[in-house]
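Per-entry structural report
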Amino acid sequence: VQLQASGGGLVQAGGSLRLSCAASGSIFGLDLMGWYRQAPGKQRELVATITNGGTTTYADSVKGRFFISTNNAKNTVYLQMNSLKPEDTAVYHCYARTNIRWALNDYWGQGTQVTVSS
């Protein structure tokens, strides 16, 4: 599975950005996609995930501001980020998981930088 992310950039606090991540290759069994982020000097943390059934999970710090969704084919995941704060500044990494007969495999895309200025 290859993941191609796009949509990062520089935005002022209070602004919005939309990240996209397209999965390609051997995507049979793709059952979970999402986003993690890593700020300088910090560990990578979960931002949001969505199952192929549409169940979503959000970090408490982004609830009500960020919204995760997928396209109809369930092979592209989006992260709509609103009311951005300087503490949202990080490299955002796209994530996907395949589940084939309970054999789980994780995949990561290249990071995309999100910078929120105050």
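Attention now goes to the sheet that holds strand E8 (residues 76–81). Across the sheet, which stays open at both edges, the four strands sit in the order E1-E3-E8-E7 with antiparallel pairing between neighbours. Each end of this open sheet is capped by a strand with a single partner; those strands are strand E1 (2–6) and strand E7 (66–70). Sheet twist, expressed as the mean angle between neighbouring strand axes with direction ignored, is 15 degrees. Bridge count for E7 against E8 is five bridges, and the pairing is antiparallel. Bridging from a neighbouring strand, phenylalanine 66 pairs with methionine 81 of E8.

A water-sized probe rolled over the atoms picks out the places where empty space is left. Under the defined criterion, the tally for this structure stands at one cavity of 30 Å³ or more. By volume, the largest cavity amounts to about 50 Å³. For the largest cavity, the full set of lining residues is Leu30, Asp31, Leu32, Met33, Ile50, Thr51, Asn52, Thr70 and Lys74. Contributions of two or more residues to the lining of the largest cavity are made by strand E4 (30–38) and strand E5 (45–51). In terms of residues, the lining of the largest cavity owes the most to one element, E4, which gives four residues. A class-by-class count of the residues in the lining of the largest cavity yields four nonpolar, three polar and two charged.

Moving on, we get to the pairing of E5. On a regular strand, each side chain points to the face opposite its neighbour's, so the side chains alternate between the two faces of the sheet. Across six bridges, the pairing between E4 and E5 is antiparallel. Of the residues in E5, the one forming a bridge with tyrosine 36 is leucine 46. Summarising the sheet, E5 and strand E6 (residues 56–58) pair through three bridges and their orientation is antiparallel. Its bridge partner being in E6, threonine 49 is matched across the sheet by threonine 57. Counted along the chain from E5 to the antiparallel partner E6, the turn is four residues long, and its residue glycine 54 has a positive phi close to 95 degrees.

This structure, assessed with the given rule, holds three aromatic pairs. Between the aromatic rings of tyrosine 36 and tyrosine 95, the centroid separation amounts to 5.6 Å while the plane-to-plane angle is 70 degrees, which identifies the pairing as edge-to-face. Taken as a pair, tyrosine 36 in strand E4 and tyrosine 95 in strand E9 (residues 90–100) lie far apart in primary sequence, 59 residues in all. Per residue, the accessibility class of tyrosine 36 equals that of tyrosine 95, and both read buried. An angle of 70 degrees between the planes, with centres 5.1 Å apart, marks the rings of tyrosine 36 and tryptophan 108 as edge-to-face. Of this pair, tyrosine 36 sits in strand E4 while tryptophan 108 sits in strand E10 (residues 103–108), and the two are 72 residues apart along the sequence. Ring pairs connect the aromatic residues Tyr36, Tyr95 and Trp108, which therefore count as one cluster. Its end group placed over the ring of tyrosine 78, arginine 18 keeps NZ or CZ at 4.1 Å from the ring centre. A cation over a ring is seen here: arginine 44 above tryptophan 108, with NZ or CZ 4.5 Å from the ring centre.

About the cut-offs
- Residues numbered from 1 in each chain as written.
- Predicted model: local features only at pLDDT ≥ 70, side-chain atom pairs only at ≥ 80, totals over all residues.
- Heavy atoms only, no water.
- Pairing = 2+ DSSP bridges.
- Helix = DSSP H or I, 4+ residues; strand = E, 2+ residues; numbered from the N terminus.
- Axes fitted to C-alpha atoms, helices over the stretch in contact; angles between N-to-C directions.
- 1 Å grid on protein atoms, 1.4 Å probe; cavity = no way out; pocket = protein on both sides within 12 Å on 5 of 7 lines; lining within 4 Å.
- Points joined across faces, edges and corners; volume = space filled by probe spheres on them.
- Nonpolar A, V, L, I, M, F, W, Y, C, P; charged D, E, K, R; others polar.
- Phe/Tyr/Trp six-rings, centres within 6.5 Å; stacked < 30°, edge-to-face > 60°.
- Buried < 20%, exposed > 50% of the residue type's maximum accessible area, 1.4 Å probe, protein only.
- Lys NZ or Arg CZ within 6 Å of the ring centre and 35° of its normal.

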